[in-house]
Amino acid sequence: DPHDSVLSVFATETKFNYGQPWTTKAQSTSYGTAFAVDWEGRKLLLTCAHVVRHACLVELRKANGHRKYAAKVRCLGLECDLALLELVAAGEEHDDFWADVPTLPLSRELPELGDEVTCVGFPTGGDNLCITQGVVSRIDMQGYSPSARQLLVVQIDAAINPGNSGGPVLDEGGACVGIAFQALSETENIGFIIPRSE
């Protein structure tokens, strides 16, 4: 089941205080979604950079699970809003984690207008996995947050809410065609995904 590849992310963060650099702001926790990928023969987890950008502690929880697993940020791409996470656990604990977490295949094709997609993640409002469906409604260049760099985005009409960031968007065959990363706050059902493209 491709949904077993999707995990909830808890990022405990301390943001830098630019107004008073000798102090730090109070700790807070942000939430997001990650999913397992095979990256050049290594099992890693892919999420959005803005979910873990300021994190001093990153924890993962499986769908329908209670245990949290520590992870570390292996790679952070602020321009494209992507991050790779690696499980901290080793040995038996590492094998136990990956025993029931399959990696998701990444599509090599850019989705086309009208293609049906499924957005999987852990948006705020509940602890369980949430699945929404929609269609690709636009392919365009947009500014990515936080870099504001103009890059390719795919607009979908499936609901993307806080906490969905980093979650996979699947095609009808269960392959990941993109990653949920932002929504327009003053509109309904307009969300953007980072496409998987060469």
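First things first, this report covers the structure right here in the doc. Because the structure is predicted, anything quoted here is derived from the model rather than measured. (Residues numbered from 1 in each chain as written. Predicted model: local features only at pLDDT ≥ 70, side-chain atom pairs only at ≥ 80, totals over all residues. Heavy atoms only, no water.)

## Overview of the sheet that holds strand β1 (residues 6-13)
- The antiparallel closed barrel is built from six strands, whose spatial order is β1-β2-β3-β6-β5-β4. Across the sheet, the mean angle separating the axes of adjacent strands is 40° when strand polarity is ignored.
- Relative to strand β2 (residues 28-39), β1 runs antiparallel, the two sharing eight bridges. Bridging across to β2, Thr12 finds its partner in Thr29. (Pairing = 2+ DSSP bridges. Helix = DSSP H or I, 4+ residues; strand = E, 2+ residues; numbered from the N terminus. Axes fitted to C-alpha atoms, helices over the stretch in contact; angles between N-to-C directions.)

## Some points on the sheet that holds strand β8 (residues 130-143)
- Strand order in the closed barrel made by the six strands is β7-β8-β9-β12-β11-β10, with antiparallel pairing throughout. Averaged over all pairs of adjacent strands, the angle between their axes in this sheet comes to 45°, without regard to strand direction.
- Relative to strand β12 (residues 191-195), strand β11 (residues 176-183) runs antiparallel, the two being bridged by five bridges. Among the inter-strand pairings, Ala180 is bridged to a residue of β12, identified as Ile193.

## Description of the layout of surface pockets
- Quantified by volume, the largest pocket comes out at close to 390 Å³.
- Along the wall of the largest pocket there are 19 residues; nearest its centre are Trp39, Cys80, Leu82, Ile194 and Pro195.
- Of all the elements in the fold, those that place two or more residues in the lining of the largest pocket are β5 (68-77), β6 (82-87), β9 (150-156), β11 and β12.
- The class makeup of the residues in the lining of the largest pocket is 16 nonpolar, two polar and one charged.
- Tyr31, His50, Pro162, Gly163 and Ser165 are the residues nearest the centre of the second largest pocket, which is lined by 13 residues in total. (1 Å grid on protein atoms, 1.4 Å probe; cavity = no way out; pocket = protein on both sides within 12 Å on 5 of 7 lines; lining within 4 Å. Points joined across faces, edges and corners; volume = space filled by probe spheres on them. Nonpolar A, V, L, I, M, F, W, Y, C, P; charged D, E, K, R; others polar.)

## Focus: the pattern of salt bridges
- Applying the stated criterion across every chain yields a total of six salt bridges.
- Close ionic contact of Lys62 with Asp100 constitutes a salt bridge, the shortest N to O distance being 2.6 Å. With Lys62 in strand β4 (residues 55-62) and Asp100 in the loop between α2 (91-98) and β7 (116-121), this pair connects stretches of sequence that are 38 residues apart.
- Given a relative accessible area of 15%, Lys62 falls into the buried group.
- A salt bridge links Glu79 to Arg149; the nearest nitrogen and oxygen atoms lie 2.6 Å apart. Here the residue Glu79 occupies a position in the loop between β5 and β6, and Arg149 occupies one in the loop between β8 and β9, the gap between them amounting to 70 residues.
- Judged by its relative accessible area of 46%, Glu79 falls in the partly exposed class.
- Look at Arg149 and you get partly exposed, because its relative accessible area is 43%. (Salt bridge = Lys/Arg side-chain N within 4 Å of Asp/Glu carboxyl O. Buried < 20%, exposed > 50% of the residue type's maximum accessible area, 1.4 Å probe, protein only.)

## Examining the packing of aromatic side chains
- All told, the structure shown has three aromatic pairs when counted by the stated rule.
- Pairing Phe10 with Tyr31 gives two aromatic rings, centres 5.6 Å apart and planes at 85°, and the pair type is edge-to-face. Note that Phe10 is positioned in strand β1 and Tyr31 in strand β2, a separation of 21 residues in sequence.
- Arranged with centres 4.8 Å apart and planes meeting at 70°, the rings of Tyr69 and Phe97 form a pair that is edge-to-face. With Tyr69 in strand β5 and Phe97 in helix α2, the pair connects residues that are 28 residues apart, well separated along the chain. (Phe/Tyr/Trp six-rings, centres within 6.5 Å; stacked < 30°, edge-to-face > 60°.)

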